[in-house]
Structure formats: structure tokens, C-alpha cells
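Letter by letter, the chains look like this.
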Amino acid sequence: MTPEPSAAEQQAADRAARAAEARTRREKAAEAERAKSLAVDLVRVRITRFGDGQVSSGEHAPGLGDLCYEAGDTPEVPREVAEALEACGFAEIEAR
């Protein structure tokens, strides 16, 4: 039989639980804000033959490594990324 926690121990546990919940809420809010800021300026690019297999999709397959886009794929990426890919010749920004 385990002894009941004292009032002080229970209060400390409650404070720790509230702090963890607050941290989680702050982290979720920050993540949502980052996603919102990225989503505002997304542009569609077409991966070129030179970029075939060079541009990561952001996914990882165990045992295979990063999954990359193939020539002709048209992902949406933030404008800054699109401009960098275009400067390297890996992608072309598509007109809307």
C-alpha cells in the first residue's frame, strides 16, 4: 500500500502539471504562428531536370533516406525557398 501524498506534494504536482500544460499551449501557439506565417506566401514551383532528386520533400523513409521531388513535380513552397531553388536551377516559379 502506497502512502497518500501530502498536501504540499499534491500542490507541487498540480503546479508542475499546470506549467507543463502552459508550455504545451505556448508551443502549439508558436507552431501555429510559424505555419500561418509560412502559409501566407506560398508559391508553386516546377522541379526541373537539374533538380530531379535534389530537392527534399521534407519526408524521411527509414532505410531509404530523404524523399526527394522528381522532375516535373509541382510542390508549393515559401517564396524565399522558391527563389533560392530557382537561383540554383533546381526549380522554376510558376506563374499563377
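Structure: see above.
Just so you know, these numbers come straight off a predicted model, no measurement behind them.

Criteria and thresholds
Residues numbered from 1 in each chain as written. Predicted model: local features only at pLDDT ≥ 70, side-chain atom pairs only at ≥ 80, totals over all residues. Heavy atoms only, no water. Pairing = 2+ DSSP bridges. Helix = DSSP H or I, 4+ residues; strand = E, 2+ residues; numbered from the N terminus. Axes fitted to C-alpha atoms, helices over the stretch in contact; angles between N-to-C directions. Contact = heavy atoms within 4.5 Å. Salt bridge = Lys/Arg side-chain N within 4 Å of Asp/Glu carboxyl O. Buried < 20%, exposed > 50% of the residue type's maximum accessible area, 1.4 Å probe, protein only.

A.B. asks: Let's hear about the sheet that holds strand β1 (residues 42-47): which residues, and what values?
C.D. replies: Spatial strand order, β4-β1-β5: 3 strands in an open sheet with antiparallel pairing. Of all the strands in the sheet, the pair left with one neighbour each is β4 (76-78) and β5 (91-93). Mean inter-strand twist for the sheet, computed between neighbouring axes without regard to direction, equals 50 degrees. Strand direction decides the pairing type here: β1 and β5, joined by 3 bridges, are antiparallel. Residue pairing in the sheet places Ile47 in a bridge with Ala91 of β5. Across the sheet, helix α2 (residues 79-88) touches β1, β4 and β5, and the angle it forms with β4 is around 100 degrees.

A.B. asks: Kindly report on the pattern of salt bridges, identifying the contributing residues and their values.
C.D. replies: Where charged atoms from two side chains of opposite charge approach closely, those side chains can pair. Following the criterion strictly, the structure yields 3 salt bridges and no others. Of the charged contacts in the structure, one is a salt bridge between Arg44 and Glu76, with a shortest N-O distance of 3.2 Å. You can see Arg44 sitting in strand β1 and its partner Glu76 sitting in strand β4, a full 32 residues away along the chain. Overall, Glu76 belongs to the partly exposed group, its relative accessible area being 40%. Of the charged contacts, one joins Glu92 and Arg46 as a salt bridge, the two residues approaching to 2.4 Å between their closest N and O atoms. With Glu92 in strand β5 and Arg46 in strand β1, this residue pair connects regions lying 46 residues apart in the sequence. Residue classification places Glu92 among the partly exposed positions, given a relative accessible area of 38%.

Worth remembering: the numbers are spatial, not functional.
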